[in-house]
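Examining the three-dimensional arrangement
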Amino acid sequence: MKPATLWPERLLPAHSVPPPWPGREVRFDGAVTYVRETPATSPDAEPALYVHGLGGSSQNWTDLAGLLADRLDGQAIDLPGFGRSEPGRRYTVPVFAERVIRWIEYSDRGPVHLFGNSLGGAISVRVAALRPDLVRTLTLVSPALPFLDFRRSLQGRMLPLLAIPRGERVAAWRLAQLAPEVMAQQVMEACVADLSRISDQRRREALEEIRVRYEAAHYAAAYVRTFRGLVSSFVRSYLPGSGSLWRMAGSVRAPSLVIGGRQDRLVDVRVAPQAARVIPDSRLLMINGVGHVAQLEVPRLVARAVLGLLAEAGASARRADLAG
C-alpha cells in the first residue's frame, strides 16, 4: 500500500454540472440492464465500467465519468432491481458480480477500468479476483467490505428487518409513509458529509431517482434482500472457505485505488485502509470532511486520484513491455 498520487488540478476539465448521461435498456440473458454511457472525448480512451452502491444507481457516477472522459470511455450500469434495471431473482454479492462479469463479456469491452462504490465496491473486488482478465485497474470508493460492528453504520438500524419474515413488506410500508422529498433529503444526509457541495441540479436529480423507486413495486424487496445478502457475505468472510471477500481482496492483481471518506456514516471508516493493506498493488486516499460517496461530493479530487492511478499503471505496463 502507498499513498494515492494526485493528478494536477489544472489539467482537469473546467468545472461543470453535466446532466445524467444518456441511458438505454439492454436485454441479455433474459433480463433488462439499464446502462448509461459517457462518450469519450479522446480517440484513444480506454473502456471503463462504473458500479453503484446499495440503493444507488448509474447516476451516481455522472460527474466523475465526465471528468475522466478524456481518458476513459465510460459505462455505468444499474444493478438488477435498482435504478431502471429489471428486478433479479436473487440479490447477493456473487449474483451481482456474475451479472457484472456477464455484462463485460456481453458488451465485449474488456478488460475495463472497474469502479465500485459501497456495495459496488464489494462486487468489484469479487469480479477482479475471479476474472483478472477482465479488469485493467480497480477503483473502490468506500467499499462495503466486511466489518462486524454495525454500530459504526447507519445501516445497523435495518438489521431487525432481516429477522422479520418478509421484512421487505415493512420496508415498503415505511417508504409509503415518507414523501419523496423527505426520502431524498434523508438519503443525502446519510451519504454526504457536507450538503453544500451538492448542487441544486444534483438534488433535483436525486429527487427524480426517488420518484422512480416509488413507482417500482419491486424496489423495497430488492433493497432489503440485497442488504440481507450483503450482511451474509460479511459473516461468511470471517468463516473458513473460499468465499471470503477479504481473501478475494488479497488475490486481486490489478493496480488498485481505494478511497474513503473520514465522515462516512454507512461503512466503518477503518475498512478503506484495511482494503488498501490487503490488496497487493494498492494506493489509498482518505479524505477529511467527506462521507460515503466521494465521487459525488468531491468528484474532482477523486478524478485526480484516478488519473494518478492510470498514469502509474500505464508506466508499469510500458516497463513490462520493454522488459519483455
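That block above? That's the structure.
Here's a quick rundown of the structure. (Residues numbered from 1 in each chain as written. Predicted model: local features only at pLDDT ≥ 70, side-chain atom pairs only at ≥ 80, totals over all residues. Heavy atoms only, no water.)

**Description of the overall build of the chain**
Condition: Under the DSSP-based scheme used, a helix requires at least four consecutive residues in state H or I and a strand at least two consecutive residues in state E, with every element numbered from the N terminus. We take the radius of gyration over the C-alpha atoms and set the globule estimate at 2.2 Å times the residue count to the 0.38 power. Three exposure classes are used, based on accessible area relative to the maximum for each residue type with a 1.4 Å probe and protein chains only: buried under 20%, partly exposed in between, and exposed over 50%. Here, two residues are considered to be in contact whenever any of their heavy atoms come within 4.5 Å of each other. Accessibility throughout is a Shrake-Rupley quantity obtained with a 1.4 Å probe, and a residue counts as covered only by protein chains that appear here. The charged-residue count follows a simple rule in which Lys and Arg add positive charge and Asp and Glu add negative charge, with His and chain termini not counted at all. Lys charges are placed at NZ, Arg charges at CZ, Asp charges at CG and Glu charges at CD.
Assigned secondary structure in the chain consists of 12 helices and 9 strands. For the chain, the C-alpha radius of gyration of 18 Å lies close to 20 Å, the compact-globule estimate for 324 residues. Across its three principal directions, the C-alpha atoms of the chain cover 60 × 45 × 40 Å. Expressed as a percentage of the 324 residues in the chain, the buried residues total 56%. Sequence separation of at least 24 residues holds for 77% of the intrachain contacts in the chain that already meet a minimum separation of 6. As presented, the chain carries roughly 14200 Å² of accessible surface, and 54% of it is formed by carbon and sulfur atoms. Across the chain, the 41 positively charged side chains and the 31 negatively charged ones have centroids separated by 6 Å.

**Let's talk about the packing of aromatic side chains**
When we look at a pair of aromatic rings, we describe it by the centre distance and by the angle of the planes. Rules: Only centres within 6.5 Å qualify two rings of Phe, Tyr or Trp (six-membered ring in Trp) as a pair; their planes then separate them into stacked at under 30 degrees, edge-to-face at over 60, and tilted for everything else. By definition, being over a ring means that NZ of Lys or CZ of Arg is both within 6 Å of the ring centre and within 35 degrees of the ring normal.
Within the structure shown, the criterion is met by 10 aromatic pairs. Sitting over the ring of Tyr34, Arg84 keeps its end group 6.0 Å from the ring centre. Here Arg99 stacks its cationic end above the ring of Phe28, 3.9 Å away from the centre of that ring.

**Some thoughts on the pattern of salt bridges**
Rules: Any Lys or Arg side-chain nitrogen located within 4 Å of an Asp or Glu carboxyl oxygen qualifies as a salt bridge.
The final tally for this structure, using the stated rule, is 18 salt bridges. For Arg24, the salt bridge identified is with Glu37, shortest N-O distance 3.0 Å. Taken together, the residues Arg24 in strand E2 (residues 23–28) and Glu37 in strand E3 (residues 31–38) connect sequence positions 13 residues apart. Residue Arg24 is classed as partly exposed on the basis of its relative accessible area of 37%. For Glu37, a relative accessible area of 28% corresponds to the partly exposed category.

**Section: the environment of Leu12**
As for its position among the elements, Leu12 is in the loop between strand E1 (2–3) and E2. For Leu12, a relative accessible area of 8% translates into the label buried. Distance from Leu12 to Ala303, taken between C-alpha atoms, is 8.2 Å for residues 291 residues apart in sequence. The residues contacting Leu12, other than those within four sequence positions of it, are Arg300, Ala303, Arg304 and Leu307.

**Quick word on empty space enclosed by the protein**
Over the atoms, a rolled probe matching the size of one water molecule traces out where space is still vacant. Defined as follows: The method works on a 1 Å grid over the protein atoms by themselves. A cavity is a set of points holding a 1.4 Å probe that cannot get out, a pocket is an open set with protein on both sides within 12 Å along at least five of seven lines, and residues with an atom within 4 Å of a point line them. Grid points are joined across faces, edges and corners, and a volume is the space filled by probe spheres set on the points. When residues are grouped by polarity, Ala, Val, Leu, Ile, Met, Phe, Trp, Tyr, Cys and Pro land in nonpolar, Asp, Glu, Lys and Arg in charged, and all others, Gly among them, in polar.
Following the criterion strictly, the structure yields 3 cavities of 30 Å³ or more and no others. Taken as a whole, the largest cavity encloses approximately 70 Å³ of empty space. At 3 residues, helix H7 (residues 200–215) tops the list of elements feeding residues into the lining of the largest cavity. Broken down by class, the residue content of the lining of the largest cavity amounts to 4 nonpolar, 5 polar and 2 charged. Approximately 50 Å³ is the volume found for the second largest cavity.

**Comments concerning the packing of helix H6 (residues 180–191) against H7**
Applied cut-off: Lines fitted to the C-alpha atoms define the axes, with helices restricted to the stretch that makes contact. Angles between their N-to-C directions range from 0 to 180 degrees. The crossing is said to be left-handed when, going from far helix to near helix, the turn is anticlockwise and less than a right angle, and right-handed when the turn is clockwise.
It is at 9 Å that the axes of H6 and H7 come closest, and there the two elements cross at 120°. At the point where H6 passes H7, the crossing takes the right-handed sense. The segment H6 lies against H7, with Pro180, Glu181, Met183, Ala184, Gln185, Val187 and Met188 engaging Arg202, Arg203, Ala206, Leu207, Ile210, Arg211, Arg213 and Tyr214. Residue composition of the contact of H6 with H7, by class: 9 nonpolar, 1 polar and 5 charged.

**Considering the environment of Pro240**
Locating Pro240 in the fold gives a position in the loop between helix H8 (219–236) and helix H9 (245–250). Separated by 109 residues in the primary sequence, Pro240 and Arg131 have C-alpha atoms spaced 22 Å apart.

**Section: unusual backbone geometry**
Residue Gly110 is joined to Pro111 through a cis peptide bond whose omega torsion reads 0°. If you check the backbone angles, Ser142 has positive phi at about 45° while not being a glycine. Examined against the element boundaries, Ser142 turns out to sit in the loop between strand E7 (135–141) and helix H4 (159–162).

**Points about the packing of helix H2 (residues 93–107) against helix H3 (residues 119–130)**
This is how it is decided: Throughout, the term roughly parallel applies to angles under 35 degrees, roughly antiparallel to angles over 145, roughly perpendicular to angles from 65 to 115, and oblique to all others.
Between H2 and H3, the shortest axis-to-axis distance is 9 Å and the interhelical angle comes to 65°. With respect to H3, the axis of H2 lies roughly perpendicular. Remark: the crossing between H2 and H3 carries right-handed chirality. Contacts from Val93, Pro94, Phe96, Ala97, Val100 and Ile101 of H2 reach H3 at Leu119, Ala122, Ile123, Arg126 and Val127.

**Quick word on the side chain of Arg109**
Selection rule: Pairing of N or O atoms within 3.5 Å defines a polar contact, subject to two protein rules: one partner must be a possible hydrogen donor and the other a possible acceptor, and residues neighboring in sequence count only if both atoms are side-chain atoms.
With respect to the element layout, Arg109 can be found in the loop between H2 and strand E6 (112–117). Only 2.4 Å separates the side chain of Arg109 from the backbone oxygen of Asp73, close enough to count as a polar contact. A distance of 3.4 Å separates a polar atom in the side chain of Arg109 from a polar atom in the side chain of Gln75. Setting aside chain neighbours within four positions, we find Arg109 in contact with Pro47, Ala48, Asp73, Gly74, Gln75 and Ile104.

**Observations regarding the side chain of Arg202**
Following the sequence through the fold, Arg202 ends up in helix H7. A residue is classified by how much of its surface remains accessible, and Arg202, at 10% relative accessible area, is buried. With residues near it in sequence (within four places) discarded, Arg202 still touches Val17, Pro18, Thr62, Asp63 and Met188.

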